[in-house]
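Architecture and fold: a report
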Amino acid sequence: MSRLSKRKVNLKLLFFIMTLVSSMNLVINNTYSWFVSNDVTTNRFSADKLNFYVGIIDVFDPSDPWNPSENKKVSAKNYGTYSAFVRILVQPVMMLEGAPLQVKIGQELLANIELYDSVTNPEGKWLKDQDDYYYYLDLLKPDEIADPYLFTNIKLRDGLSDDYKDANLIIQIKVEAIRALKYSYRDVWWNNISPLDEDLKKIDDVLKTKAID
C-alpha cells in the first residue's frame, strides 16, 4: 500500500476515545454520603490540521445525588469540525469490602434510557448491542450534543437486599467516536466485518444511510 493510501486510511479511521469515571458511595438505608465525578484521561488523535474531538457530557448535582427527577445526565458533544458516529459504554461496578457485587443496568441499577425500536419507539436515537455499547443512531454534527441524552436519571431498584448496604458504586463511562464516513464504524468498531447479530444489523442499516461519502 502506498504512503498516500495509508494516509487516506488513517484519516478515514481517525477516532477519539475519552474515559470518564464517576463514583458514588451509597448506603442502602437512604443515607447517601457523597457523589464525585472525575475526568480521568483524554486521548486525542489528530492528523495534519484535521480537527476531530468528541467528549463526554456528564452533568449532576453532588449535593443531591439521588434526585428523583434528574441526577445524572450523560451524553456526548462534538467539539470538532467533522460530523461523527458515536457510541457510549456504561459499566457499573459495585464493591463491598473489596468484593464485587452484581450490578447491571436494568436490574439492580435503573436508568431512563429510551432505546430505539422499529415498532414501539421508531424515533429513538440509542440502541444497545450485545457488546454493551449504546450506539447513537444519527450523525453528531459539529457543536452538537447527542439528543436526547443517553439518560438523565439513575436509581437503585427497590427491594435490594442488605448485602448491598454500605457498598460503593462506580460508574465507568466511555465515549468512542469516529468520522462519519461510509462504513468507518465497521472498520474501527467491528474489525471491518459485516454485522451478523440482529442489533448490529439494525445499527448498520441506520448508520450507513447517515454516512458522509
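For the structure itself, look to the data block above.
Let us look at the structure shown here. (Residues numbered from 1 in each chain as written. Predicted model: local features only at pLDDT ≥ 70, side-chain atom pairs only at ≥ 80, totals over all residues. Heavy atoms only, no water.)

**Regarding the pattern of salt bridges**
This model, assessed by the stated rule, comprises twelve salt bridges. Residue glutamate 176 pairs with arginine 87 through a salt bridge whose shortest N-O separation is 2.8 Å. Pair noted here: glutamate 176 is in strand E11 (residues 168-179) and arginine 87 is in strand E5 (residues 84-96), with a separation of 89 residues, a long-range link. Neither glutamate 176 nor arginine 87 differs from the other in exposure class; each is buried. For the salt bridge of glutamate 198 with lysine 202, the shortest nitrogen-to-oxygen distance reads 3.8 Å. With glutamate 198 and lysine 202 both in helix H3 (residues 198-210) and four residues apart, this pair spans about one turn of that helix. Here lysine 202 falls in the partly exposed class, since its relative accessible area comes to 27%. (Salt bridge = Lys/Arg side-chain N within 4 Å of Asp/Glu carboxyl O. Helix = DSSP H or I, 4+ residues; strand = E, 2+ residues; numbered from the N terminus. Buried < 20%, exposed > 50% of the residue type's maximum accessible area, 1.4 Å probe, protein only.)

**Some points on the pairing of strand E3 (residues 54-59)**
The buried fraction of E3 is high, at five of six residues. Bridge count for E3 against strand E4 (residues 73-78) is six bridges, and the pairing is antiparallel. Following the sheet pairing, valine 59 is matched in E4 by lysine 73. (Pairing = 2+ DSSP bridges.)

**Topic: unusual backbone geometry**
Following aspartate 147, the chain continues to proline 148 via a peptide bond in cis, the omega torsion being 5°. Of note, the phi angle at glutamate 97 is positive, near 55°, even though the residue is not glycine. Inspection of the secondary structure assignment puts glutamate 97 in the loop between E5 and strand E6 (99-101). Overall, the relative accessible area of 81% leaves glutamate 97 in the exposed class. Phi is positive for aspartate 143, close to 70°, though the residue is something other than glycine. With respect to the element layout, aspartate 143 can be found in the loop between strand E9 (133-136) and strand E10 (154-156). Judged by its relative accessible area of 59%, aspartate 143 falls in the exposed class.

**Quick word on the packing of aromatic side chains**
Between two aromatic rings, the relevant description is the distance of the centres plus the angle of the planes. Under the criterion given, the structure shown has seven aromatic pairs. An angle of 50° between the planes, with centres 5.1 Å apart, marks the rings of tryptophan 126 and tyrosine 136 as tilted. Note that tryptophan 126 is positioned in strand E8 (residues 126-128) and tyrosine 136 in strand E9, a separation of ten residues in sequence. Taken individually, tryptophan 126 and tyrosine 136 each receive the classification buried, so the pair is uniform in this respect. Between tyrosine 135 and tryptophan 189 the ring centres are 5.7 Å apart and the planes differ by 75°, which places this aromatic pair in the edge-to-face class. Of this pair, tyrosine 135 sits in strand E9 while tryptophan 189 sits in helix H2 (residues 184-189), and the two are 54 residues apart along the sequence. We note that tyrosine 135, like tryptophan 189, is buried. The rings of Phe85, Tyr135, Tyr183, Tyr185, Trp189 and Trp190 are connected pair by pair, giving a single aromatic cluster. (Phe/Tyr/Trp six-rings, centres within 6.5 Å; stacked < 30°, edge-to-face > 60°.)

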